[in-house]
Amino acid sequence: MFPKTSQREQSAGHAWVFEGPGAEPKRQEIAAVEAAGYTVIDLSNSWVPYIFSEKTVAVDDAQPNDYRKRYVDLANNRVDADGEALDKHERNFLELYGIPPTLQVVAGEWRAVDGEIGPCLQAAGFDPEVLRAWTGGGIAYADKKTGDARKLARLKASLEKDLKKAKLDPADLEQAKGHPSSAAPTTTGGRCRARSTSSTTPSVGSAARRCSSRPRARAPTPRASSTRRPPTRWRSSRRSTRSWAGATSRARTSRPSRARRTRAPTAGCCGSSRSASSRARRSSRTAAPRWKPKFRWKDRRGEEQPLRDVVRESVDAAVAALDLGTPESARRQLDKLSELGAGNFEDLLVAVKLPPRPDYYLEDMTYEVVIDRGDVWYDFPFDSTGKRLSQPRERYPHITVYTVYEGQKIPLIHWRTTIGSWRSELYNGGEYYKYKDSDVGPRVWKEIVAAPVWIPPATTPPRELVRRKWKDGRVRTVVNNAEFGPSYTSAYGLVAAYHIKEIKNPDGTLKADFDNSIRTHGSVDYMSILRRYSHGCHRLYNMSAVRLFSFILGHRQFVREGQIKLGFSREFVHEDQTFKISLKTRGYRYKLAQPIAVDVTEGRIKGTRQKPIEGYIPKPSDTPAPADGPAAEAAPGPAEAAAPAENNVQSPS
C-alpha cells in the first residue's frame, strides 16, 4: 500500500533527484526514486494541498474537487477571490491564507525586480536607506481612524502648518530639510523625529508611483469589521522568493509578525510545504520547546525521545539539497528549476532525502483533540448606560491535537483558537445582542470538508450579506459570495471539521448524531483569532487549518465522498435593492472511517454569571460587541463559533 501522498500516479512519470549543492540533478522514474528513500516534491504550477486532492493513490475513488481549479488559478495570479481575472498589475499575496504562489509566479516577480522595478526605482532616486534607517520595529496594520495612520496624518498636518508659518510651500515637504524653523534635531524622537521621517516620505512615494510595474495586491475581502483586513497588503517579490528559499513552506514563513510572536508551537504534523505534503504530511514542528519543554515519548525500542521539529529538519534538508540557502543561490536555482520544468515549471517534480520520520508517524494514526476554552465571560459586556465593561482574559482558548502511540498521548499541535461570545443578530425586525456559546463536553469529528460553504441564517443582518466592490468602472454593492464560499475568504475558510455530539442508547450503541453547527475551521479573520471571539466555532489561521487537516487525512482512513450537492437560494432587501443568494455545494467531503474524539473543556468561568444569558438583549449603544469589534484587552486571543442548527442553516464561524 502506497502512502496517500505518493507521486507514483503523477502524469509526469519522473522526478529530478537533487543530492546537494554542486551535484547535477538526475532524471529518474518516480517508482525508483521513492523506492530509494527519496521524497518526491511537487513544484509544478498545479500543486494543491491534500485537502484538494481528487483521488487516493492506488484506490479507485476519483471525485472531482470544484475548488481545486480556483486554488490553482489563485496561486498562479490568474484570478481574484471571486474568480474574476486580475488586472495586468494586480497580484495575489495569499501565503498567509493558505495559498502560496507558484514558483513560476515567484520567479516572474524576481525577474521583474531585477529587470524593471529595480532600475526604475534607481532612476527615480529611490533611497533604500530610508527603509534601512527605520527603527520603529514591526509595521502593524491599523485602520484609517486609529494607530499609526492617524498619528502620521496629525504629524503631517503639523508640519504643513509650520511650513506655512515659515512662508514655505506646504505641498513641498522636502523644503523642511535643513530649514531652521522645522529641521530640529532628529535624535530626540517625538515630533522632531517625525518631521525628519515625513520629509523623506514624498521621495519614496513618488519613486514608487513612477515605477508603475509595482503590483497592486489582492487581499481578502473584509467581512463586517475593518479589523478583519489582512495584516499585510503587499510584499516585495524578492522577499517572497527568500521566504520560499529559506523555508520551502512559504505559507508558514510569512505569517504576520504579531502572530509569529504569540503563536503557540506546532508538533507532529502540519507542513503546508510541498515537501511535507509529498511525504504524507510527515513534517512536524514540535510543541515541546515552549509549551511542554520537558515532554518525552518512548520509541518502539523503549528509548525516551524529545519531540523533534521535523518541519524545520525537513525544510532545512530540502533547502540544502536544492541549494536555496541564500538569495543569490536561490535566484540561480530558480532559473535551473524553470529549465527542468519546460521553462515554466509545468509538471516539475524534484526528489530529495529528508530526515526519517518519528515512529508515531503511521499510515493510520489515532488522534485525540482537546479544546480548552480558556477564560469565559457570560456577563453582558455593557453597563446600564451602554458603556463597555472590561472583561480581561489571562488564559486564551487553545486547541491541542494528540496522537496516541503505544499508550502515549503525544502532542502534534498546540495552537490558539476561538470561542463564542456576544454577537449581533436580527430579531423582530431589529438588531439585538445574543450570546453565541461554544458547546462543552465530548464531541467527535466524523467528516472533514474542503472549501466548505456557510449558509447564512435568517437572523443575519442584511448589511452582512453584501459588500462593496469595484466593478465595471465603479464601486457597486454586490452579494458577499466570498463570505459564503467556497472561498479562502469564506466564514469557514478553506477547510472545516464538524463537531458532532453522539446520542447513545442505554446499552452504549449510537442512537443519533446532533450537529449544533460548531466547527473547527480556517479563517482569514486573523484579528479575531488574536484578539476577539466567534459565533461559537473554533477558528484557525487558514494556512494552519490547511496543514492540520491535510496531515490528518494523510494519516487517517477515510471515504472520499466528494462534492456535497446543495440547492439553496434566498432573496433579501438591502437599502431598497433586492439581492439573491444562490449556493450549489456545501463543499468537498471526506468521511472518516473512525471518528476522532474531541473534548471541549468548560474553561475558567469569570464574572458573576455561571451560565450564558438566554434570548436577546437590546443593543445599549452603537459600540460593537467584543466579538464584532476591536478587543479592549491588550494581549491577543482567538475565537470562533456557530449557532444552533435551524432549518439547516448555520451561523458564521
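Right above here is the structure, for reference.
Along each chain, residues carry numbers from 1 onward, in the same order as the chain's sequence is written. Local features in this predicted model are restricted to residues of pLDDT 70 or higher, and side-chain atom pairs are both shown and tallied only at a pLDDT of 80 or more, whereas totals for entire chains, interfaces and linings draw on every residue. Only hydrogens and water are set aside when side-chain values are computed; all heavy atoms of the structure are taken into account.

Participant: What is the right way to look at the overall build of the chain in this model?
Facilitator: Only DSSP runs of H or I with at least four residues qualify as helices, and only runs of E with at least two residues qualify as strands; both kinds are numbered from the N terminus onward. For the chain, the count of helices and strands is 15 helices and 24 strands. Within the chain, the proportion of its 653 residues that are buried is 53%. By definition, residues are in contact when any of their heavy atoms lie within 4.5 Å. Sequence-distant contacts, at least 24 apart, represent 73% of the contacts inside the chain between residues at least 6 apart. Areas reported as accessible are Shrake-Rupley estimates using a 1.4 Å probe. Residue values count occlusion only from the protein chains shown. Within the structure as shown, the chain displays about 28,800 Å² of accessible surface, and the carbon and sulfur contribution to it stands at 50%. Accessible area is worked out with a 1.4 Å probe on protein chains only. A residue is then buried under 20% of its type maximum, exposed over 50%, and partly exposed in between.

Participant: Just checking my understanding: could you explain helix 11 (residues 310-322) for this structure?
Facilitator: Residue pairs spaced three or four apart in an α-helix point in one direction, given the helix's 3.6 residues per turn. Taking 1.5 Å per residue, 13 residues should reach 18 Å; helix 11 reaches 18 Å between its end C-alpha atoms and fits that length. Taken together, the buried positions of helix 11 are Val-310, Val-311, Ser-314, Val-315, Ala-318, Val-319, Ala-321 and Leu-322. All buried residues of helix 11 lie within an arc of 165 degrees about the axis, which places them on one face of the element. Note on helix 11: the residue one or two positions beyond its end, Asp-323, has a positive phi of about 60 degrees. Helix span is expected to be 1.5 Å times the residue number reduced by one. The arc refers to the directions leading from the helix axis to the C-beta atoms.

Participant: Would you mind showing me how to read the pairing of strand 1 (residues 14-17) here?
Facilitator: On a regular strand, each side chain points to the face opposite its neighbour's, so the side chains alternate between the two faces of the sheet. In strand 1, alternate side chains face the same way, and those of His-14 and Trp-16 on one face and Ala-15 and Val-17 on the other are all buried. By definition, two strands form a pair when at least two bridges between them are found by DSSP. Here strand 1 runs beside strand 2 (residues 26-29); their pairing, made up of four bridges, is antiparallel. Within strand 2, the residue paired with Val-17 across the bridge is Lys-26.

Participant: What exactly am I supposed to notice about the sheet that holds strand 14 (residues 430-435) here?
Facilitator: Strand pairing in a sheet takes place through backbone hydrogen bonds and is either antiparallel or parallel in direction. Across the sheet, three strands lie side by side as 13-14-24; this open sheet has antiparallel pairing. The open sheet has two free edges, formed respectively by strand 13 (422-427) and strand 24 (616-618), since each of these has just one partner strand. Averaged over all neighbouring strand pairs, the angle between strand axes comes to 45 degrees, with direction disregarded. Pairing of strand 13 with strand 14 involves six bridges; the strand directions are antiparallel. Pairing of Glu-425 across the sheet is with Tyr-432, part of strand 14. Between N-to-C directions, angles cover 0 to 180 degrees, with each direction set by a line fitted to C-alpha atoms, over the stretch in contact for helices.

Participant: So what exactly am I meant to see when it comes to the pairing of strand 11 (residues 398-405) here?
Facilitator: Burial of strand 11 is extensive: seven of the eight residues sit out of reach of the surface. Note: strand 9 (residues 367-372) against strand 11, six bridges, orientation antiparallel. Residue Tyr-367 lies in a different strand from strand 11, and its bridge partner there is Thr-403. As paired strands, strand 11 and strand 12 (residues 408-416) are joined by eight bridges and run antiparallel to one another. Bridge pairing links Tyr-402 to Pro-411 in strand 12. The loop that links strand 11 with its antiparallel partner strand 12 comprises two residues; one of these, Glu-406, has a positive phi angle of about 50 degrees.

Participant: In this structure, what is going on with the pattern of salt bridges? I would like to understand it.
Facilitator: It is possible for side chains bearing opposite charge to pair when their charged atoms get close. Salt bridge, as used here, is a side-chain nitrogen of Lys or Arg placed within 4 Å of a carboxyl oxygen of Asp or Glu. As enumerated under the stated definition, the model contains 39 salt bridges in all. A salt bridge links Asp-61 to Arg-560, with the nearest nitrogen and oxygen atoms 3.4 Å apart. Of this pair, Asp-61 sits in the loop between strand 3 (39-42) and helix 2 (68-75) while Arg-560 sits in strand 21 (residues 558-574), and the two are 499 residues apart along the sequence. The shortest N-O distance in the salt bridge between Arg-463 and Glu-464 comes to 3.6 Å. Among the charged side chains, a salt-bridge network with shared partners connects Asp-80, Asp-82, Glu-84, Arg-467 and Lys-469.

Participant: Got a minute to help me understand the side chain of Arg-373 in this structure?
Facilitator: Tracing the chain through its elements places Arg-373 in the loop between strand 9 and strand 10 (375-377). On the accessibility criterion, Arg-373 (1% relative accessible area) is buried. Here a polar contact means two N or O atoms within 3.5 Å. Within protein one must be a hydrogen donor candidate and the other an acceptor candidate, and residues neighboring in sequence count only if both atoms are side-chain atoms. Of note is the side chain of Arg-373, whose polar atom sits 2.9 Å from the side chain of Tyr-378. The residues touching Arg-373, leaving out its near neighbours within four places in the chain, are Tyr-378, Pro-397, Ile-419, Asp-437, Ser-438, Val-440, Val-600, Thr-601, Glu-602, Gly-603 and Ile-605.

Participant: When you look at the environment of Ser-523 in this model, what are you seeing that I'm missing?
Facilitator: Within the secondary structure, Ser-523 sits in strand 19 (residues 510-523). In this structure, the C-alpha to C-alpha distance between Ser-523 and Leu-540, residues 17 residues apart in sequence, is 6.0 Å. Ser-523 has contacts with Gly-493, Ile-529, Arg-539, Leu-540, Tyr-541 and Asn-542, leaving out every residue within four places of it along the chain. Within the structure, the side chain of Ser-523 is placed 2.9 Å from the backbone nitrogen of Asp-525, a separation counted as a polar contact.

Participant: Would you take a moment to explain the side chain of Arg-423 for this structure?
Facilitator: Within the fold, Arg-423 resides in strand 13. Taking the relative accessible area as the measure of exposure, Arg-423 reaches 7% and is therefore buried. Among the polar contacts made by the side chain of Arg-423, one reaches the side chain of His-535 at a distance of 3.4 Å.

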